[in-house]
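What the coordinates show
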Amino acid sequence: AQRVTQPEKLLSVFKGAPVELKCNYSYSGSPELFWYVQYSRQRLQLLLRHISRESIKGFTADLNKGETSFHLKKPFAQEEDSAMYYCALNQFGSGNTGKLIFGQGTTLQVKP
Amino acid sequence: NAGVTQTPKFRILKIGQSMTLQCTQDMNHNYMYWYRQDPGMGLKLIYYSVGAGITDKGEVPNGYNVSRSTTEDFPLRLELAAPSQTSVYFCASSYEGSPLHFGNGTRLTVT
């Protein structure tokens, strides 16, 4: 079965420290993976997708098929990065319909 | 351009009552979705639609119904509310292959 696991419910770091939010997936084919973010009092929104291979707000995520991981990283955390982060996998056979499997989410808390 | 709008924001239902969660989008997206999020869990897909007149079940459809009579609207119906349906409900829309645009969510409590 396809599954997305985010092992940490809460990650707390100090401003300026490196951040790594972990995401592991189970999927036998070529996965399409995303990171969505929800800032306080805002709606859930796309942060980045692996096919774009881009850096958004200083965050990057590399797909590691060998380890079936898609960890989100940022070298220097900022207080405005505090939010809930969700890793998501596009379901097998869904094509481009956007049927996503979400991880449980990780709350990132950046302390001053 | 409001994006995806959900109403109501909050609702308390008694067991056995029914209600409709409204969702409308003004981006002319052909795909629309309903997800629910239980405490400490990820979002789970309830129903989705690839266009007006077409709907299909997601991972957790039991106890819900949907309709898609227009491109803009995708209401979610709870016929006989149960405590297990206490959750936060998110509506989303997208073009084919594009990221999902989410609404602000509806927090539903069934007591």
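Presented here is a report on the structure given in the accompanying data block. (Residues numbered from 1 in each chain as written. Chains lettered and ligands numbered in written order. Predicted model: local features only at pLDDT ≥ 70, side-chain atom pairs only at ≥ 80, totals over all residues. Heavy atoms only, no water.)

1. Section: the sheet that holds strand β3 (residues 19-25) of chain B
Residue and element names in this part refer to chain B. As summarised here, the arrangement of the 4 strands in space is β1-β3-β8-β7, forming an open sheet in which the pairing is antiparallel. Each of the sheet's edge strands pairs with one partner strand only, and the pair in question is β1 (4-7) and β7 (64-66). Along the sheet, successive strands turn relative to each other by an average axial angle of 20°, direction set aside. Relative to β3, β1 runs antiparallel, the two sharing 4 bridges. When the sheet's bridge partners are listed, Gln 6 is paired in β3 with Cys 23. (Pairing = 2+ DSSP bridges. Helix = DSSP H or I, 4+ residues; strand = E, 2+ residues; numbered from the N terminus. Axes fitted to C-alpha atoms, helices over the stretch in contact; angles between N-to-C directions.)

2. Here we look at the state of the cysteines
For the coordinates displayed, the defined rule picks out 2 disulfides over all chains. Paired through a disulfide, Cys 23 of chain A and Cys 87 of chain A show a sulfur-sulfur distance of 2.0 Å. Disulfide Cys 23 of chain A-Cys 87 of chain A: torsion about the S-S bond near -65°, hence left-handed. A residue pair is termed long-range when its members are at least 10 positions apart, and Cys 23 of chain A in the loop between β3 (19-21) and β4 (24-26) and Cys 87 of chain A in strand β9 (residues 83-90) qualify at 64 residues. Its relative accessible area of 0% is what places Cys 23 of chain A among the buried residues. Note that Cys 23 of chain B is cross-linked by a disulfide to Cys 91 of chain B, the S-S spacing being 1.8 Å. In this structure, the disulfide formed by Cys 23 of chain B and Cys 91 of chain B twists by about -75° around the S-S bond and is classed as left-handed. Pair noted here: Cys 23 of chain B is in strand β3 and Cys 91 of chain B is in strand β9 (residues 87-94), with a separation of 68 residues, a long-range link. In terms of burial, Cys 23 of chain B and Cys 91 of chain B fall into one category: buried. (Disulfide = S-S within 2.5 Å. Buried < 20%, exposed > 50% of the residue type's maximum accessible area, 1.4 Å probe, protein only.)

3. Comments concerning the side chain of Arg 36 of chain B
Residues and elements named next belong to chain B. Mapping Arg 36 onto the fold places it in strand β4 (residues 31-37). Polar contacts involving the side chain of Arg 36 include one to the side chain of Asp 38, which spans 2.8 Å. Residues in contact with Arg 36, not counting those within four places in the same chain, are Gly 42, Leu 43, Lys 44, Ile 46, Val 60, Tyr 64, Ser 84, Gln 85, Thr 86, Ser 87, Val 88 and Tyr 89. (Polar contact = N/O pair within 3.5 Å; in protein donor to acceptor, adjacent residues only side chain to side chain. Contact = heavy atoms within 4.5 Å.)

4. Details of the pairing of β3 of chain B
Residues and elements named next belong to chain B. Going residue by residue along β3, you find Met 19, Leu 21, Cys 23 and Gln 25 tucked away on one face and Thr 20, Gln 22 and Thr 24 left uncovered on the opposite face. Pairing between β3 and strand β8 (residues 76-78): 3 bridges, direction antiparallel. For Met 19, the partnering residue across the bridge sits in β8 and is Leu 78.

5. Some remarks on unusual backbone geometry
Cis geometry marks the peptide bond from Thr 7 of chain B to Pro 8 of chain B, where omega comes out at -5°. With respect to the helices and strands, the residue Pro 8 of chain B is situated in the loop between β1 and β2 (10-13). In this model, Arg 41 of chain A sits at a positive phi of 65°, which is unusual for a non-glycine residue. As for its placement among the helices and strands, Arg 41 of chain A is situated in the loop between β5 (33-38) and β6 (45-49). Among the residues examined, Arg 41 of chain A registers a relative accessible area of 84% and is labelled exposed. For Asn 28 of chain B, which is not glycine, the phi dihedral falls at a positive 60°. With respect to the helices and strands, Asn 28 of chain B occurs in the loop between β3 and β4.

6. Digging into the sheet that holds strand β7 (residues 60-61) of chain A
Spatially, β3-β8-β7 (chain A) is the arrangement adopted by the 3 strands of the open sheet, whose pairing is antiparallel. Each edge of the open sheet is held by one strand with a lone partner, namely β3 and β7 of chain A.

7. Points about the layout of surface pockets
In this structure, the largest pocket spans a volume of roughly 560 Å³. Around the largest pocket sit 25 residues that line it, and Gln 38 of chain A together with Gln 37, Val 88, Phe 90 and Arg 107 of chain B are the ones nearest its centre. Taken together, the elements giving at least two residues each to the lining of the largest pocket come down to β9 of chain A together with β9 and β11 (106-110) of chain B. Listing elements by their share of the lining of the second largest pocket, those giving two or more residues are β1 (3-5) and β10 (100-102) of chain A together with β5 (43-51) of chain B. Classifying every residue of the lining of the second largest pocket gives 6 nonpolar, 7 polar and 5 charged. (1 Å grid on protein atoms, 1.4 Å probe; cavity = no way out; pocket = protein on both sides within 12 Å on 5 of 7 lines; lining within 4 Å. Points joined across faces, edges and corners; volume = space filled by probe spheres on them. Nonpolar A, V, L, I, M, F, W, Y, C, P; charged D, E, K, R; others polar.)

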